[in-house]
Amino acid sequence: MFSYFSGSSSSGPSIMEMSGPMPCSVNAKHRIPASSAPVIMDLSSVPVIMDFTGTYGEQPFARAGNFNWLDCRGIHGTDCYCDEEGEAALRELIAAFSPYSLHFLDSGNCHYLTKLWTDRIHEPFSLVLFDHHTDMQPPMFEGLLSCGGWVKKMLDTNPFLRKVMIAGVPESEAVKVRSERVLAISEEEWMASGLRAFEPVPALFCEGQSAGGQSASRQSVGAQSVGVQFTGAQSSGVQSVGMQSLSGYGTCDSEDIQSSGIPIYISVDKDVLSKDFASTNWDQGGLTLELLSGAISMLFDRFNVIGMDVCGEPDSSDVLFSDKACMLNSAANERLLAMWQGLGR
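Conventions used here
- Residues numbered from 1 in each chain as written.
- Predicted model: local features only at pLDDT ≥ 70, side-chain atom pairs only at ≥ 80, totals over all residues.
- Heavy atoms only, no water.
- Helix = DSSP H or I, 4+ residues; strand = E, 2+ residues; numbered from the N terminus.
- Buried < 20%, exposed > 50% of the residue type's maximum accessible area, 1.4 Å probe, protein only.
- Contact = heavy atoms within 4.5 Å.
- Areas by Shrake-Rupley, 256 points an atom, 1.4 Å probe, with all protein chains shown as cover.
- Salt bridge = Lys/Arg side-chain N within 4 Å of Asp/Glu carboxyl O.

## Considerations on the overall build of the protein
Helix and strand counts for the protein come out as 10 helices and 14 strands. Within the protein, the proportion of its 345 residues that are buried is 57%. Nonlocal contacts in the protein, meaning residues at least 24 apart in sequence, comprise 68% of its contacts between residues at least 6 apart. Carbon and sulfur atoms make up 53% of the accessible area of the protein, which totals about 13900 Å².

Take a look at the structure:
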């Protein structure tokens, strides 16, 4: 059985119980965050599907799986830019579900939903983003959350967000966003070096380490010390860090990572993949599903992964939508779902 939730801009969510197989739990091995904040923290929660375009109804992985299905098609003001009314309706719709779970977000036009989910994580964490775009553009319309600027918005406003790693963008874009708080692994480096491109990541996410291995200081936010401010870092400003300088992040081993206790949240936009492995409504990269899966598996093995989301669907009403696109995306989504469910094995 799965639950179907319908939201609209003018009313709260309604719930309909649907017959089907019993939900399978995600028996994650990673810790439940020790936060006293009033949020749901159940790692065994059923994954969530947020349906804006109807594409999931055509994908076998979604029809065969067990999900909390959120019908978002009646919520207005959510395509690429999310206005205040749309944001309020979405926050109301997701309020009953755990951010410490797996969430399918529909097309890349709705990638800003990662910010809404992670706004409910009330402990220090870092974000790992797999995407062909940085999503760090300044807002075209002040005050509106957008699919192209939500990462910058998180860096500017979320006191619990420590670091961001973006993997899969072109090198020409990566050089624009690298800073003390942002590590960008370009598509070119990833394809040339494989998982070796991710060797700086553990050191970057180590608690108490700054560039050059110096001790980091903590920045107090409210009554709780939650943010790390590194020497010379800007809140989200662009500070160019060349590829050669990645070694300057210092070193740390597996014990350092585990003792640091800093969890990560993973966000995947399938536009990082080539058109042989996914079909999206944005320009795409050239990565294979094996390269993406390998990097995510490495993160699962070495970090406390507390949540994950996936976007990058085509619009089912778009001319680009086809049976082939449906099958490609379903296969990629099924692989990512299986990886998440395998955390406890």
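## Quick word on unusual backbone geometry
One non-glycine residue, Asp106, lies in the positive phi region at around 80°. Mapped onto the elements of the fold, Asp106 is located in the loop between strand E6 (102–104) and helix H3 (113–118). With a phi close to 55°, Asp135 is a non-glycine residue in the positive phi region. If you trace the backbone, Asp135 turns up in the loop between strand E7 (125–130) and strand E8 (145–146).

## As for the pattern of salt bridges
Tallying each qualifying case throughout the model produces 10 salt bridges. Two residues, Arg73 and Asp71, come together in a salt bridge whose shortest N-O distance is 3.0 Å. Given the relative accessible area of 47%, Arg73 is considered partly exposed. Owing to a relative accessible area of 9%, Asp71 belongs among the buried residues under this scheme. With a shortest N-O distance of 3.0 Å, Glu87 and Arg91 are connected by a salt bridge. Of this pair, Glu87 and Arg91 both sit in helix H2 (residues 84–94), separated by four residues, roughly a single helical turn. Residues joined by salt bridges that share partners form a network here, namely Glu87, Arg91, Lys115 and Asp119.

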